[in-house]
Amino acid sequence: MRRVISAAAIAAALALAATACGGTAGTDPATATSKAPGEVSGEITWWDTSDATTEAPVFQELVKEFEAKYPKIKVNYVNVPFADARDKFKTAAQSGAGAPDVLRTDVGWVAEFASLGYLAPLDGTPAIADPQDFLPTPAASGRYNGKTYAVPQVTDTLGLLYNKELLKKAGHDAPPATMAELKQVALDVKEKTGADGLALNIDSYFLLPFIYGEGGDLVDAAGKKITIAAPQAVQGVKIVEDLIKSGAAAKPVLQDSYTTVATAFKEGKVAMIFNGPWSNADNLSGKVFKDNPDNLGIAPVPSGSVRSGAPVGGHDYAVYAGSKNLDAAYLFIRFMASKESQAKIAGRLGLLPTRASAYDLPEAKANPQVVQWQKPMESAVERPWIPETASLFQPLLEGYQKLAGGQATAEQMLEEVAAEYQGILKGWSR
């Protein structure tokens, strides 16, 4: 195999993204100036939504490298908490004041921002270099209504992270491959080691592997149909119900679930969790992995009765339509999305590149976790690239909290979620 994760392997695993439909507005690149790179000057502001502690320092290093390469351009770096970024950007863009020139956006936000006219189209601009080098699904996340509004930065999915030593003490040399095995291994860990076998992150995104595993989904975008309460989705959520009721999963924490679960895993208090490549650096800072990184296992999420599947995620670079310095914004994205920058991010943080060529570079090859995420990425499931995608997660989060708190059954909570989806997806059927 020519590269650590071959372009062919990932391209085969990730389907080409469907282009969403709808109206748009924004800056026409044809009307923007097109200066030679050395002539571009001025300031731009970049909102980076990466983790301020474990990831941001690497991105700040890249900003300095960019400024060294283009000394006439100053980048005002701002780290914006991911949880606040979507609403903060929409508020600033709508008011016409305070929005950044460049935004690190979640892949699920691009279609929404573009449909509102908040993003500048990038086709024909210096922001897009060697487009054929991008992996298909990450690249597709930046397209809306036939235009490109974002350039892919990193791609990811969820995997099963596990403490090898705890599993071995419980009599298991390999991670569970099915949801039934997940339950049994978790119970064995609890009985034989005293640690919790499994901890669930009570967040809608982390519920998707259970739904996908039974062949379900939130919606059928092509058919404009709401499918969250379909039998397949119900069966997936029933697996979660059983994990909690049986004691295979630790008693769920409903608030600040992500941090609580991640901390317990790093401290060796729980053997298995679901998480993504973005957690690599944080996991290795924990006491049970810091001096023994080989103890951290990464595997695909266990399969349900239909498949193993976790959502495709990641982040893109996008330009605010009202930017006063488009030329500098284009150059900045071109630099940040280059194979060299992506390889540095992969090598230092274990985040997965969106350029096929980046996997060939020594920095990316040197990080063993990039290799470990190959299998989980091969079973990743593409999300619908529609403007409403980001709005679908809050109702599901609230429903998941009710389920985990014993206030609703799988059927009840999904019916409530479906009813809320009907208010979001006007004219869609069930």
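Residues numbered from 1 in each chain as written. Predicted model: local features only at pLDDT ≥ 70, side-chain atom pairs only at ≥ 80, totals over all residues. Heavy atoms only, no water.

Asker: Would you explain the overall build of the protein chain in this entry?
Answerer: Of regular secondary structure, the protein chain possesses 18 helices and 16 strands. A compact globule built from 430 residues would reach a C-alpha radius of gyration of about 22 Å, and the protein chain, at 22 Å, matches this within 12%. Here the C-alpha coordinates of the protein chain stretch approximately 65 × 55 × 35 Å along the principal axes. Taken over 430 residues, the protein chain has a buried fraction of 58%. (Helix = DSSP H or I, 4+ residues; strand = E, 2+ residues; numbered from the N terminus. Rg over C-alpha atoms; globule rule 2.2 N^0.38 Å. Buried < 20%, exposed > 50% of the residue type's maximum accessible area, 1.4 Å probe, protein only.)

Asker: Whenever I open this one, the packing of helix α9 (residues 231-246) against helix α17 (residues 393-404) confuses me. Can you help?
Answerer: When two helices pack together, you describe them by how their axes are tilted relative to each other and by the distance separating the axes. The geometry of α9 relative to α17 is characterised by a closest axis approach of 10 Å and an angle of 35° between their N-to-C directions. You can see that α9 and α17 cross each other, and the crossing is right-handed. Every residue of α17 that contacts α9 at V237, V240, E241 and I244 is listed here: Y400, L403 and A404. Looking at side-chain class alone, the contact of α9 with α17 contains six nonpolar, no polar and one charged residues. (Axes fitted to C-alpha atoms, helices over the stretch in contact; angles between N-to-C directions. Left-handed = near helix turned anticlockwise from the far one by under 90°. Contact = heavy atoms within 4.5 Å. Nonpolar A, V, L, I, M, F, W, Y, C, P; charged D, E, K, R; others polar.)

Asker: Would you mind going over the environment of V154 with me for this structure?
Answerer: Note on placement: V154 falls in strand β6 (residues 150-156). For V154, a relative accessible area of 5% gives the class buried. Sequence separation between V154 and Y118 is 36 residues, and the spatial gap between their C-alpha atoms is 22 Å. Beyond its immediate chain neighbours, meaning those up to four positions away, V154 contacts R104, G313, G314, H315, I345, L351, L352 and T354.

Asker: How should the environment of G304 be read in this particular structure?
Answerer: Mapping G304 onto the fold places it in the loop between β12 (296-300) and β13 (310-311). In sequence terms G304 and G236 are 68 residues apart; their C-alpha atoms lie 7.7 Å from each other. Those residues in contact with G304 that sit more than four places away from it in its chain are M179, G213 and E214.

Asker: Help me understand the sheet that holds strand β1 (residues 42-48) in this model?
Answerer: Remark on secondary structure: sheet strands pair via backbone hydrogen bonds, oriented parallel or antiparallel. The strand order across the open sheet formed by six strands is β2-β1-β3-β14-β6-β15, and the pairing between neighbours is mixed. At either end of the open sheet lies a strand with only one pairing partner, and these are β2 (73-79) and β15 (352-353). Of the pairings in the sheet, the one linking β6 to strand β14 (residues 313-319) comprises six bridges and is antiparallel in character. Of the residues in β14, the one forming a bridge with T155 is G314. Against the sheet, helix α13 (residues 339-349) contacts β6, β14 and β15, and its axis sits at roughly 25° relative to β6. (Pairing = 2+ DSSP bridges.)

Asker: What is the right way to read the packing of aromatic side chains from this model?
Answerer: We describe a pair of aromatic rings using the distance from one ring centre to the other and the angle between the two ring planes. Within the structure shown, the criterion is met by 18 aromatic pairs. Both rings, one in W47 and one in F89, keep their centres 6.4 Å apart while their planes meet at 80°; by these two values the pair is edge-to-face. Of this pair, W47 sits in strand β1 while F89 is found in helix α3 (residues 82-95), placing the two residues 42 residues apart along the sequence. The same class applies to W47 as to F89, namely buried. With centroids separated by 5.5 Å and ring planes inclined at 25°, the aromatic side chains of F210 and F274 adopt a geometry described as stacked. Linking F210 in helix α8 (residues 204-213) with F274 in strand β11 (residues 270-275), this pair joins segments that are 64 residues apart in sequence. Classification of F274 as buried rests on a relative accessible area of 7%. Three or more aromatic residues joined by ring pairs make a cluster, and in this case those are W46, F59, F66, Y70, Y77, Y317, F332 and F335. (Phe/Tyr/Trp six-rings, centres within 6.5 Å; stacked < 30°, edge-to-face > 60°.)

Asker: Hey, could you run me through the pairing of β1 in this one?
Answerer: As a general feature of sheets, a regular strand has side chains that alternate between the two faces. Relative to β2, β1 runs parallel, the two sharing seven bridges. Along β2, the bridge assignment pairs W46 with Y77. Once the chain exits β1 it traverses helix α2 (residues 56-69) before rejoining the sheet at β2, and the crossover so formed is right-handed. Bridge analysis of β1 against strand β3 (residues 102-106) gives two bridges, and the strand direction is parallel. What sits directly across from W46, in β3, is V102. (Right-handed = clockwise from strand over helix to strand, strands pointing away.)

Asker: Would you mind showing me how to read the sheet that holds β11 here?
Answerer: If you walk across this open sheet you meet the four strands as β8-β11-β7-β12, and the pairing is mixed. A strand with exactly one partner marks an edge of an open sheet, and here the two such strands are β8 (196-198) and β12. Sheet twist, expressed as the average angle between the axes of neighbouring strands with direction ignored, equals 25°. Bridge count for strand β7 (residues 159-163) against β12 is five bridges, and the pairing is antiparallel. From the neighbouring strand, L160 faces β12, where its bridge partner is A299.

Asker: Just checking my understanding: could you explain the pattern of salt bridges for this structure?
Answerer: Side-chain pairing between opposite charges can occur once the charged atoms of the two side chains come close. Throughout the structure, instances matching the rule amount to 16 salt bridges. Where E378 meets K375, a salt bridge forms, and the shortest distance between an N and an O atom there is 3.6 Å. Of this pair, E378 and K375 both sit in helix α16 (residues 374-378), three residues apart, which is roughly one turn of the helix. On the basis of relative accessibility, which here comes to 29%, the residue E378 falls in the partly exposed class. Residues E415 and R430 are paired through a salt bridge, measuring 2.9 Å at the closest nitrogen-oxygen approach. With E415 in helix α18 (residues 410-424) and R430 in the segment after α18, this pair connects stretches of sequence that are 15 residues apart. E415 gets classed as partly exposed once you look at its relative accessible area, which sits at 39%. Several salt bridges share partner residues, and in doing so they unite E61, E65, K344 and R348 into one network. (Salt bridge = Lys/Arg side-chain N within 4 Å of Asp/Glu carboxyl O.)

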